[in-house]
Each structure stands twice: as C-alpha cells, then as structure tokens.
Amino acid sequence: MSTNSKAWLVGGGIGSLAAAAFLLRDGSVPGENVTILEAGPIMGGSLDGAGDPAAGYSMRGGRMLTTDNYECTWDLYQSIPSLHNAGRTVFDETVEFNEQHKSHALARLVDSRRAKVPVASMGFSMRNRRELLKLSQTGEDMLASGCITDWLSPGFFETEFWYMWSTTFAFQPWHSAVEFRRYLHRFVLEFSRIETLAGVKRTIYNQYDSLVLPLQTWLTTLGVRLIADCTVTDLDHKTEDGRFMVTGIRCLRQGRSERISVNDGDFVFVQNGSMTAASSLGSMTSAPRKLTGADSGGWTLWEKLAEGRPQFGNPAAFNRCIAQSCWESFTVTLQDPAFFDQMTRFSGNQPGIGGLVTFKDSNWLMSIVLAFQPHFPNQPAGVQVFWGYSLFPDRVGNFVAKPMDECNGAEILRELCGHLRFDPETVKSANCIPCRMPYITSMFMPRVRGDRPPPVPPGSGNLAFVSQFVEIPDDVVFTVEYSVRAAQMAVYELLGIGRAIPPVTPHDKSLKAQLEALFKAFK
Ligand SMILES: Cc1cc2nc3c(=O)[nH]c(=O)nc-3n(C[C@H](O)[C@H](O)[C@H](O)COP(=O)(O)OP(=O)(O)OC[C@H]3O[C@@H](n4cnc5c(N)ncnc54)[C@H](O)[C@@H]3O)c2cc1C
C-alpha cells in the first residue's frame, strides 16, 4: 500500500473500528487516509450504551468475554490506551478488574417456585450424552444446513445444560448444528464451569464506554475521520484483470446523495449485515415498534453486492425469517436500592459476580444480569442499572397476558417481579426500556458453505467484508472476537501484512475425552 492509498470503511461497528486500528498499527497507514462511514448517529454499532438517570439508560446488549479465547480482541486492546487509567491499556485494566471481580454465579437457574435449581448435574441421560458426542465429532460438511434438532432429541432441550448453554449463548433448537458444534469446540472450557460462569470476563463499564470509546479516541487522535449519518447505498466497480475493483462509493450523507471516488491503490471494507439491523426501543408506556429489514436498510448493500455474485455470499440465508432470529432485551434504571438489595439477598451474589439469572420455566425464557455498579461513567451514586433479555418474546407471559413483543417497560417489570415474587413496589421508581432486535440471532440461522464470503472474497482486488457474516474457520459468531478477527484477516490479506494473526486456541484437542470426563464429573 502506498502512502497515498486511502481506506474507506463502510459501517462504524467494532469490526470497522478494529480494521482501522489494524491499518494504522500493523499496516502503517496514516490515520488521515482512513475514513469510516456510519449510517447511524454514532460509532460502535451493536456495542451501544447511553443515557442518564432522568431519561433512563439503554443498551441493546451486555457482553460476556473470555481471556481463554478472544485472541484477536486482546491483541488489539493491548495497544489501546485506557481512558481512565493513565499509562495502562484497555487490556490491562480489564484483566485487573476481572481479578478483583471474579464471576461465580450462585443462582444460575431459577424455577417456577422461585427455587434455585441445583446445577451440579447437567441433567443428561445416556442418550443425550451419546447424541452430544456424536454431534461434536461430526464434520461440518455432514452437518451442512441441519438444525440442532436434527441431531439432539427433544429430551436434550429439557436438560439443565441446555437451559444454561442456550441462554448464555442465545441458541434456539432450530439454529445451525454447525454453529452449535463450533461453540462446543471453541468454548469447551466453559462447559465445565457453565453453572457458575467462572470463565466469563466483563468490561468495567458497558461496552460502549469500555471498548468503543477508547478505540475511537485512539483512532481520532491519530487522524482517522469518522463520518456519522452516512448510509452507503451502492459501490461502483470495474473488472480489471478478472478482479472486482471498487471505483466509487455512493452514499446518502445527512440525506444528500454523494459519490466518493475510490482510486487505484485504495481499499474498501464493508460491514455486510448487522445483528441489530431494524432494532427499535420502547418505553415504560410503549412497546418497541415491529420493524423489519425494509425499514432499516441494514441488509440492502450486501443484498445488492451479492446479487448474481455467489462469491459475495447469500444474505437471505440469514435474514429470511424474523420468527427464527428475533428476541428482546431491556435495560432498567433504578432510583431506589430495593431491587438490587433483594436480588443480592436472593441470589447470594453481589452485583457483577453472579452473571445471568435465568427463569427457566418462564414462558418468555427471561434472564437478567446485575452488572458491577456503576455501569455507566456518568451514573450517579444511588442510581442502579441492570439488563435482561428473553429468548421467546412472541409467547404470552406467565404474569402478563400478552406476548413480550407487545409489552411496554412497565409490563415487562410486572412479569419480572412475578417470577421473583417481588412486591411491585420494589420497582416503583424504575424506568424499563425494552429493545426489539428482529435479526439478533440471524448469524445462527442454518446455512451452507458459501453463504458467508471469506473476509477477502475470491477475485476481489480491493474489497473486503468485515462482520459476523464472513466465514472464519473454527471461530464462532455472536462474539466481539469474530468481528475483530475478521478485521485483522481482511486488513492483513489486502495489505499483505506478514505479522501472524493469533490463532484460534485449540482448547479442544481431545474434545471427545474432555466431554466424557465432564459427563462423569456432572452425573
Ligand atoms: C444483545 C446482544 C448481546 C451480545 N452478547 C455478546 C456477548 O456476550 N459476547 C460477545 O462477544 N458478543 C456479544 N454480542 C455480539 C457483539 O456485540 C457483536 O458481535 C459485535 O458488536 C458486532 O460488531 P460488528 O462491527 O461486526 O457489527 P455491528 O455492530 O452490527 O456494526 C455494523 C455497523 O454498520 C453500519 N452499517 C451497516 N450497513 C451500512 C451502510 N450501508 N452504510 C453505513 N453504515 C452501515 C450499521 O449501522 C452498524 O453500526 C452481543 C450483541 C448483542 C446485540
């Protein structure tokens, strides 16, 4: 890459921010030659988190990370200065925080009697064990476009293991068997500690403040241009020596059409698809609107690029059925300590230690997480924030006679208090903001080889994809790591950078033996 070369990054999620960082750090590209074009009002994509005590805080997701995996993420954040601890990196401060606040859930599953379910046993029958071993040993070509239910019989979905694994990682029985198998291999260490979530690492604050802002600050200090409210609608291109070359970027910037020229030697990185496309927020008095891809346009660019070009993948494999990819989260802001006090007494965990509490018999399959407080840097003492989600928002609740996706924040709190048998007074000052995400598990939809392009598709001269919808052997989607790894692979390949990318750690060297030992341990 010449020093005059420019890089254009379409989308401002962690994938693009990471790609920009790799361009600067490992490709020696000057910051002023790098521009990120983001359709939304701010950078960070799915890693959002904002608010104040009066309006209420809101975040679409709360993330669990590990330090046994996430190799590329920590490789990146070892170079990004902390915003709060001078002279330290984001990696240093996160590791230190997790040494002080070790995850150890004592109330991982709660049943309909509000009893904590003993999870020393995973609840497997011999048949469940056989089937799980068989699935874990079957190659991806054999699993092909199969669902998890093609390999595991109905009883499996009633085991304690399934309730814990599926709510930790957001799997549904109809999701991809390939992806489920990859999780077994990639997160085999979590298998033995899934009931306490002991391997889970957290960021100090929500992920916008702890991961996005430090990275964005480092990039802008070095001259990277971040352009918000800019939707890329199409890419002009030519074919040169049989290679696909982008020559221009068509965009709508603050509603006005613009064309950016892409010159010889320039590169374009596109975030194709987003799990939070068409997401919508509700309030204490209104349910989130039911948006679709057509409302957000979040899939349009990939759909245009992939039309007639199978080398660019097949977005329809992922966004074809909202009924199979939708769930809802909610963020609750409290001005009164009663809820946290009662939860602490009930769960036996201080906030930040317990991780997920799942109401396993709830119709909505609801879970909540009380993070370490404050969860936002501007959160005053006396205000507390927690996050929750439900994997079946289309079902009628146990305490509210409506599907969750028709409920406002007050109704979601009523359902939650019902499961906890908490007096409604406990949340009388609460502000609950629901968030509907129609494509949140689109990455887990059954797929075949070729539905996801590699980060640099065959025949591409200057275009790469950086997202959850690229193919990376052995790694698992629905993780920050997947987007960061895609970014590192895309940048290194297009620029010809020789530095080694941290490999996916082979914790699963003898998975069969490891699983058998675990089956013995968890009778
Ligand atoms: C509820 C929830 C829970 C999660 N839990 C975890 C967890 O526990 N652990 C974990 O590791 N990960 C978790 N994740 C996943 C993680 O947050 C994502 O994998 C990651 O943030 C995806 O980043 P990305 O940059 O690839 O895509 P995104 O964050 O989706 O960003 C894509 C960006 O591109 C923009 N864009 C798209 N098209 C265009 C266009 N044409 N023009 C301009 N801009 C465009 C979009 O507006 C968006 O901002 C969770 C996510 C959610 C939502």
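Residues numbered from 1 in each chain as written. Predicted model: local features only at pLDDT ≥ 70, side-chain atom pairs only at ≥ 80, totals over all residues. Heavy atoms only, no water.

### Observations regarding the side chain of Thr 138
Basically, it comes down to this: Where helices and strands are cited, they refer to DSSP runs of H or I of at least four residues and of E of at least two residues respectively, numbered from the N terminus. Identification of polar contacts relies on pairs of N or O atoms within 3.5 Å, with a donor-acceptor requirement for protein atoms, meaning one able to donate a hydrogen and the other able to accept it, and with residues adjacent in sequence counted only if both atoms are side-chain atoms.
Following the sequence through the fold, Thr 138 ends up in the loop between helix H4 (126-137) and helix H5 (140-143). Within the local environment of Thr 138, its side chain forms a polar contact with the backbone oxygen of Lys 134, the two atoms lying 2.6 Å apart.

### Brief notes about the site of the ligand
Note the threshold: If even one non-hydrogen atom of a residue comes within 4 Å of a molecule or strand, that residue is called near it.
If you check the shell around the ligand, you find 37 residues, and the closest are Glu 38, Ser 46, Tyr 70, Ser 274 and Ser 483. One nitrogen or oxygen atom from the main chain of Ser 46 is found 2.7 Å from an oxygen atom belonging to the ligand. Among the secondary structure elements, those contributing two or more residues to the shell around the ligand are helix H1 (14-25), strand E7 (230-240) and helix H16 (480-495). It is E7 that contributes the most residues to the shell around the ligand, 3 residues altogether.

### Considerations on helix H3 (residues 90-100)
Heads up, the rule is: Only protein chains enter the area calculation, which uses a 1.4 Å probe; residues under 20% of their type maximum are buried, those over 50% are exposed, and those in between are partly exposed. Regarding the arc, it is the one traced by the directions from the helix axis to the C-beta atoms. When checking whether two residues touch, look at their non-hydrogen atoms; a contact exists if any pair is within 4.5 Å.
Among the residues making up H3, those that are buried are Val 90, Glu 93, Thr 94, Phe 97 and Asn 98. Down the axis of H3, the smallest arc covering the buried residues is 130 degrees, so these residues share one side. Of the residues in H3, the exposed ones pointing more than 90 degrees away from the buried face are Glu 99 and Gln 100. On its buried face, H3 sits against helix H2 (71-77) and helix H9 (207-221).

### Quick look at the sheet that holds strand E17 (residues 463-465)
Stated formally: Following DSSP output, two strands are said to pair if at least two bridges run between them. Axis definition: a line fit to C-alpha positions, over the contact stretch in the case of helices; interaxial angles, taken between N-to-C directions, run 0 to 180 degrees.
Strand order in this open sheet of 5 strands is E6-E2-E1-E10-E17, and the pairing throughout is parallel. Two strands lie at the open edges of the sheet, namely strand E6 (225-227) and E17, each paired on one side alone. Taken over all neighbouring pairs, the strand axes of this sheet differ in orientation by 15 degrees on average, direction set aside. In terms of strand pairing, strand E2 (residues 34-37) meets E6 through 3 bridges, oriented parallel. If you follow Ile 36 over to E6, its bridge partner there is Leu 226. Packed on one face of the sheet, H16 meets strand E10 (267-270) and E17 and runs near 160 degrees to E10.

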